[in-house]
Amino acid sequence: MTEAILDPLPWLIVLPLAWASLAFLLGEGRGGRLAIAGLAAQLALALLLAVQIMAQGARVHTVGGWGAPLGIDLLADGLAAAMLLLTQAVALPLAVYARAYFSAVHQTHFWPLAGFLLAALNALFLSADLFNLYVTLELLSLAAVGLVALGGKTAQAAAALRYLLVSLTASGAYLMGVALIYGVYGSVSLATLAPLVGGDPPLAVWLAAGLMLVGLLAKTALLPFHFWLPPAHGGAAAPVSALLSALVVKASFYMVLRLSLGVFSPLAEMAAWSLGLLGAAAILWGSWRALRAIRIKMLVAWSTVAQLGYLFLIFPLLTADGPALQAGVMQAVAHGLAKAAMFAAAGVLMLSTGRDNLEGLAGVANRAPVTLFAFSLAGITLMGLPPSGGFLAKWLLIEAALAQGHWPWVVVIISGGLLAAAYVFKVLCQAFLLAPRSAHFNRVPRAMEWTAFLLAAASALLGLRGVELLELLAVG
Amino acid sequence: MKPLAWFPLPFLLLAAAAPDFVLDLPALLLGARLGLDGAGRLFLGFSALLWLLAAHYAAGYLREDPARGRFMGLFCLTGLGNLLLPLTLDAASFYLAFAVMTFAAYGLVVHTASHEALRAGRIYLIMALLGEMLLLTALWRLAQTAPSLLVADLAAAARLDPAACALLAAGFGVKTGLPLLHMWLPLAHPVAPTPASAVLSGAIIKAGVLGWLRFLPLGAAALPDLGWTLTGLGLAAAFLGVAIGLAQSAAKTVLAYSSVSQMGLISVGVGVGLAHPELWPALAPAVGVQVVHHGLAKGALFLGVGLPAGRWTLAGLALPALALAGAPLTSGALAKSALKAPLPEYLGLMLAVAAGASTLLMLRLLWLLRARPRAERADARMTLSWAGALIAVAGAPVWLSPLLPELPPPAPWSAAWPVLAGLAVAAALFRYPAPIPGIPPGDVLAWLEPGLTRLWRALLRGVSWPDRLAAGGKADGTPRPGP
Amino acid sequence: MTANEALPLGVLASSLIPGLIIFALPEARVGLRTALNLFGAFAKLVLVGVLLAGVAAGEDYGFRHSVLPGLDLVFKADALALLFGALSTLLWLFTTLYAIGYLEGSPHRSRFFGFFSLCVTATMGIAMAGNLFTFFVFYELLTLATFPLVVHRGTPQAMRGGMVYLAYTLGGGAVLLTGIVWLHGLTGSADFAHGGYLAVLGGEHAMQLQMIFLLLIAGVGVKAAIVPLHGWLPQAMVAPAPVSALLHAVAVVKAGAFGVVRVVYEVYGVEFAQSLDLLTPLALAAAVTIVWGSLRALAQEDLKKRLAFSTVSQVSYIILGVALFGPLGTVGGLVHLVHQGVMKITLFFCAGNYAETLGIHKIGELDGAGRRMPLTTVAFTVAALGMMGAPATAGFISKWHLGLGALEAGMDWAVWVLIASSLLNAAYFLPILHRVWFTPRARAWPAERIPARGRLETGWLLLLPTLATAAMILVAGLLAGADWGPLAWAKRITVWEYR
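In this convention, every chain numbers its residues from 1, walking through the sequence in written order. Whichever chain is written first is A, and whichever ligand is written first is 1; the rest continue in order. Residue-level local features of this predicted model are given only where pLDDT is at least 70; pairs of side-chain atoms are given and counted only at 80 or more, and the full residue set underlies all totals for whole chains, interfaces and linings. Only heavy atoms go into the side-chain values, all of them from the structure, while hydrogens and water stay out.

1. Overview of the overall build of chain A
Tallying secondary structure elements over chain A gives 20 helices and two strands in all. For a compact globule the rule gives 2.2 Å times the number of residues to the power 0.38, and the radius of gyration it is set against comes from C-alpha atoms. The globule rule puts the C-alpha radius of gyration for 476 residues at 23 Å, and the 21 Å found for chain A is close to it. In terms of its C-alpha atoms, chain A occupies a principal-axis envelope of roughly 70 × 55 × 45 Å. Remark: exposure states derive from per-residue accessible area (1.4 Å probe, protein chains only) relative to the maximum for the residue type, with buried under 20%, exposed over 50%, and partly exposed in between. Within the span of chain A, comprising 476 residues, buried residues form 61% of the whole. Counting from the N terminus, the helices are DSSP H or I runs at least four residues long and the strands are E runs at least two residues long.

This is the structure we're talking about:
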């Protein structure tokens, strides 16, 4: 029993719930310090979990001692541990950032919502059955919608509403899929289902898989379901955009990956090429739109659309232990860190210049050098330049593509990187221009600048420690 | 400035007093070897003397020139190159000394910055560069088979490589003024300040001869094609140089064409030596004597031309003029008879005719000088230097004859008749003057230059099209004049 | 970690750490910044000196760190690495001094020197990279570190130049990456090795290996400015003079040329490359670049632009030497790697001196500059003569070996290329020399900023590095036969590559 209490798995879900509730009780705008303390503990727990898993292998935790099918199982394998680690590692600096940010910008319920969001995320990564996945996904979406709506402006409300509609529809589709599966096999446990779904399942299962996939893709904002993302991410407050772009969209990707590797692996091949092609289209279209953007945050948001495309490029290349899966996770982690950094940096730049368009950036290179450096480092990851994690991801992807002779993939990956370079340097060039005489710069809290920098540096230096991440991932 | 003018003295002492030596400096360049041998001593001796005189002459000549500091610097640099050249026994240091001499001399040519000087400088530089490239190519070829870069090894390798020999002959031929490679010479020698003209015509063009002697497989291999070509070119130079020189109206240009003509005689000697290696032992000292004789005489002539005109000047100039014409008892007579001795009969006859022609050319020179206005008083240093040069010319037969121990004392008549014939023709021309056709200095260049210039401009326009494209076609890319 | 592992890292750290500290320094801390800069430069010089002595004595220096299974970051300070590394270190010291003088009193110096140090770190990383992956890492880092330097002035013109620079270099990087990953798929993890490591693959993969070669060379060829990938170089002229000097002499173009050296000698192996018929096309590309670069230089009226096109031409001498199959060509190419660096940096220092002191940017404004700035002009003359390959300069030593190599390889046409290039070099440098020395000054200087004080024609920090590198040109040319120095070192490397 003591072992169960000391097990980090449940604590990773309970802790954020606890500080979120406390923050709610404390009232508007309070609870930041609490959240930071909680997140620090969560990060320690996630690290501990990763170490344990590396040493002992994947494991299942039965909540309250009730086993499946009645109770709730929490499953922690290498993939889950990696995502948990990413989540906490991104969230902690962002909390520090948010605390400073919201001292400057009025807010209402950021901390409770963020807490619930993180609890839902952690739970999602640890879920071991289809239904739990649904529940956590739904909670996650609701918290996310709440965060988007936080500012209360008309544009933000409209974006939130659109997001909510997409979310609900998508969840509905997913839930229908779950119901169909349950109808056919009488179980929603991933472990139970895996051996049951064969190469030639009944039509209902096909339908279920299709519905679930579409639902998840809509939540991941893969082209052509991307339309909700730029306004939602581009319009929200900077810490919120960072959380959403870095973590929330990864949750549904995680589910697609998990299901196609596990339960639906016999069916996955059918969809693999469509996913890959959509991913490729997303890379090109998203990058192009980012290049055309005139507002900083829209640029970053469109870049998210593009970067998510890389995650789906791996599906046609997936093999048992090939580099494609490693590439996918590496990309997810690297992009998570980098995009959090980039939104954070964009927030600082906007606060500093008081404007949200690219033109206003002239001269910012001299006023907020640390932030600009952070933005550049994050950009390096997005471009896939060494030594960043994004580079390793691209390296692994190209290697996988070449090993299977998929030349067009290489072209897409490379051009995506070049387009990313184009839009990142568009920002940097603007920032290096001499400031007009009339320009006025606000002072920005240092904590914001340095947390953005920390995240960016982590993403850029991730490439030097790729071995550990991949070892963790290999724990099945 | 004063001590600078003495810079050739150590070289002169070296040539006069030092024993033969070899000094290896492996760290220097590509493994340098310096040393003094017979040919080196000969070239070093007369060159150092000429440089010493010219340097002092220059100190007087340029006493009021604001840019004399620059001139003297480059003058010394040129001299250093020229005087180190005979001491170098490996290809890299030879090439270095040769290049230093060549490129520093550009500054002497363009010193006055007049339009003619700039044009002459440009052409000098282009030709010099072409020569350097020919030499470099030849050295590259020879170094393929030679075990080292020592001159002796390269010359040995040249026996088996006629193409490299041709490149060498042409490369050094630019300096010695072989026909068609001579175009720079009548332009550059006259425009330079007089002391520079003296060393250019007296010493520097002899560096090309030294190159031939050092690198061509003379006496070791028979290269009839190249040898007879060189001989033919030498004869052409000897006669055409005089013919075109007669058509010139500037004294220094006349002297420059006379140099072309006199160097032609050397080319004949070297050419025959290439074709008939067995004749070379007799030809070698003859070529050496001709080199020294012409160097001193031409130096004295140029230095004299720079002095204010007058009876004494004209009288003084008559001595080196006679020497160049090959009058008896002069170094010219010695050189011509030495050169003639091993040659076939018909070639000897042609040399004699050339000597007669030279007489005519020298008379033309003195005639042109006669009418010159009196300039301001000469500086003492100039006069003294010139006097020194005259003494050297007068004494040349004495100290050159030991070089030719086997030569029978020249029959006075064989030396005298060409001179007399020349005088007779001159007298006839004086009595019945013939119209002199105007040939511009640089002769064939006058036809080539416009075409080449146009070609160059077209090239410049061609290569600037990306810039015009970038500028939206509004910049018209006016070409600069050629280098 | 043993000392032999730590030394290469120390070489990187000696510029990386001062660079990072400098970023954080406030603008006003001039003294501390200068001290850090110089400390880093001297520390690196000492470390590289130790490495040189060690390698000459047969020691092995290296460090290895795994970033992915089967993918290692490898540093190896071998003789070839040190040829490039020592050049970079030495010239970095001079460029730092020069930059301190050049940027005196101008804004954003912390940023400038920070990136400056990063740039040198990247260069050293490229020099010591032990495999293609590591090479690529630092190759891209170099692109990123130089961009802020190119756009340092912050004018729209600088931005345009910077964007062109980026477009070319990042595009090249992408092509290079494709080639490297492809090769990695074929061979797995493999380090640079004397004589290459691909020969074992044999002719079976000939087609693929040829394609990969094309990709790799196109990738590094962008930085090496091989025609038609050279368009960025003249555009990058908007950078301040020390940056141009660094870009042209040490960092960027040299990284590309060095990449060609590594790919041909230590990936493919020169003999295997020859058996795949790769060297002749490479030599042809180099030849076209040499001639076209020189021709384009002729057409330029802007001094720095002319120098830029001259770089295009001169860097391909290195590539030509590499592509000539034979030891003499190799010696010529390798030694020119060093010599071109020293000569070109001198020329850019001089161009910077003219611009900074008198406001001269156009060649037409140089009339009579030799009288006003004799020392700078002497340095310029020496370097320009070196570029033409005049004897007694470093350039002659390079050209001599290249010509010998061309004949040795049976590529007689390459001799004509060398000759043509020498003549063209003369055609675009000699008129400048004539102007500065022999044409009297016709009008006032465009903008005289630094008055002459006694014998000092400009700031001493601008003059000292210029004269020092000019002296190096002469020393390298005059004492080429010495047992130390670039030529001896290049010969030593060549022996290994052809063993």
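2. Things to note about the overall build of chain C
Helices and strands together make up the secondary structure of chain C, namely 20 helices and two strands. In terms of C-alpha radius of gyration, chain C reaches 21 Å, essentially the compact-globule figure of 23 Å for 499 residues. Its C-alpha atoms put chain C at 70 × 55 × 45 Å along the principal axes. Counting across all 499 residues of chain C, residues that qualify as buried make up 67%. Pairs of residues are marked as contacts when any of their non-hydrogen atoms sit within 4.5 Å. The long-range share in chain C, meaning contacts at least 24 apart out of those at least 6 apart in sequence, stands at 80%. All accessible-area figures derive from a Shrake-Rupley calculation using a 1.4 Å probe, and residue coverage is judged against the displayed protein chains alone. Accessible surface computed for chain C: about 14500 Å², of which carbon and sulfur atoms make up 67%. Within chain C, one finds 30 positive and 24 negative side-chain charges whose respective centroids are separated by 13 Å. The charge count includes Lys and Arg as positive and Asp and Glu as negative, but it does not include His or the ends of the chains. To locate a charge, the coordinates of NZ of Lys, CZ of Arg, CG of Asp or CD of Glu are taken.

3. What about the confidence of the model for chain C?
All names here are of chain C. Mean pLDDT for chain C: 91, with 100% of residues reaching 70 or above. Every residue gets a pLDDT, meaning the predictor's confidence in that residue, from 0 to 100. For chain C, per-element mean pLDDT is lowest for helix H9 (residues 241-249), which scores 83, and highest for helix H16 (residues 374-388), which scores 95. Reported confidence for the predicted complex is 0.92 by ipTM and 0.91 by pTM.

4. Regarding the arrangement of the chains
The pair of protein chains exhibiting the most contacts, out of two pairs of chains in contact, is chains B and C. Between chain A and chain B there is no contact, and the shortest C-alpha to C-alpha separation is 22 Å.

5. Describing the pattern of salt bridges
When their charged atoms lie close together, side chains carrying opposite charge are able to pair. Take a side-chain nitrogen of Lys or Arg and a carboxyl oxygen of Asp or Glu: if they are within 4 Å of each other, that pair is a salt bridge. Evaluated as defined, the whole model comprises 19 salt bridges over all chains. Arg41(B) is the partner of Asp20(B) in a salt bridge, and the nearest nitrogen-oxygen pair spans 2.6 Å. Here Asp20(B), found in the loop between helix H1 (9-17) and strand S1 (21-25), pairs with Arg41(B), found in helix H2 (residues 38-61); they are 21 residues apart in sequence, far enough to count as distant. The shortest N-O distance in the salt bridge between Arg262(C) and Asp78(C) comes to 3.2 Å. Of this pair, Arg262(C) sits in helix H10 (residues 252-268) while Asp78(C) is found in the loop between strand S2 (71-76) and helix H3 (79-102), placing the two residues 184 residues apart along the sequence. Here the salt bridges do not stand alone but share partners, grouping Arg63(B), Asp379(B) and Arg381(B) into one network.

6. Considerations on the packing of helix H6 (residues 156-187) of chain C against helix H7 (residues 206-223) of chain C
Helix-helix packing: each pair is described by the crossing angle between the helix axes and the interaxial distance. All names here are of chain C. The interhelical angle for the contact between H6 and H7, taken along N-to-C directions, is 150 degrees, at an axis separation of 7 Å. In terms of orientation, H6 lies roughly antiparallel with respect to H7. The handedness of the crossing between H6 and H7 comes out as left-handed. In contact with Tyr168, Thr169, Gly172, Val175, Leu176, Thr178, Gly179, Ile180, Trp182, Leu183 and Leu186 of H6, H7 contributes Gln208, Leu209, Met211, Ile212, Leu215, Leu216, Ala218, Gly219, Val220, Val222 and Lys223. Taken together, the residues of the contact of H6 with H7 sort by class into 15 nonpolar, six polar and one charged. Helix axes use the C-alpha atoms of the stretch in contact, all axes being lines fitted to C-alpha atoms, and the angles between their N-to-C directions lie in the range 0 to 180 degrees. When describing relative orientation, an angle under 35 degrees is termed roughly parallel and one over 145 degrees roughly antiparallel, while 65 to 115 degrees is termed roughly perpendicular and anything else oblique. Crossings are sorted by hand: turned counterclockwise from the far helix by less than a right angle, the near helix makes the crossing left-handed, and turned clockwise it makes it right-handed. Only Asp, Glu, Lys and Arg are considered charged in this grouping, and only Ala, Val, Leu, Ile, Met, Phe, Trp, Tyr, Cys and Pro are considered nonpolar; every other residue, Gly among them, is considered polar.

7. Observations regarding the packing of helix H12 (residues 280-305) of chain B against helix H13 (residues 311-325) of chain B
Residue and element names in this part refer to chain B. Where H12 meets H13, the closest approach of the two axes is 9 Å, and the angle between their N-to-C directions is 155 degrees. Compared by their axis directions, H12 and H13 come out roughly antiparallel. For the crossing formed where H12 meets H13, the hand is left-handed. The residues of H13 that touch H12, namely those facing His293, His294, Ala297, Lys298, Ala300, Leu301, Gly304 and Val305, are Thr313, Leu317, Pro320, Ala321, Ala323 and Leu324. Residue composition of the contact of H12 with H13, grouped by class: nine nonpolar, four polar and one charged.

8. With respect to the pairing of S2(C)
Residues and elements named next belong to chain C. Most of S2 sits out of view: five of its six residues are buried. Strand pairing is assigned whenever DSSP detects at least two bridges linking the two strands. Relative to S2, strand S1 (residues 62-68) is paired through six bridges, and the arrangement is antiparallel. Looking at S2, one finds that Ser66 is bridged to Asp72. Connecting S1 to the next strand, S2, in antiparallel fashion are two residues, including Gly70 with a positive phi near 80 degrees.

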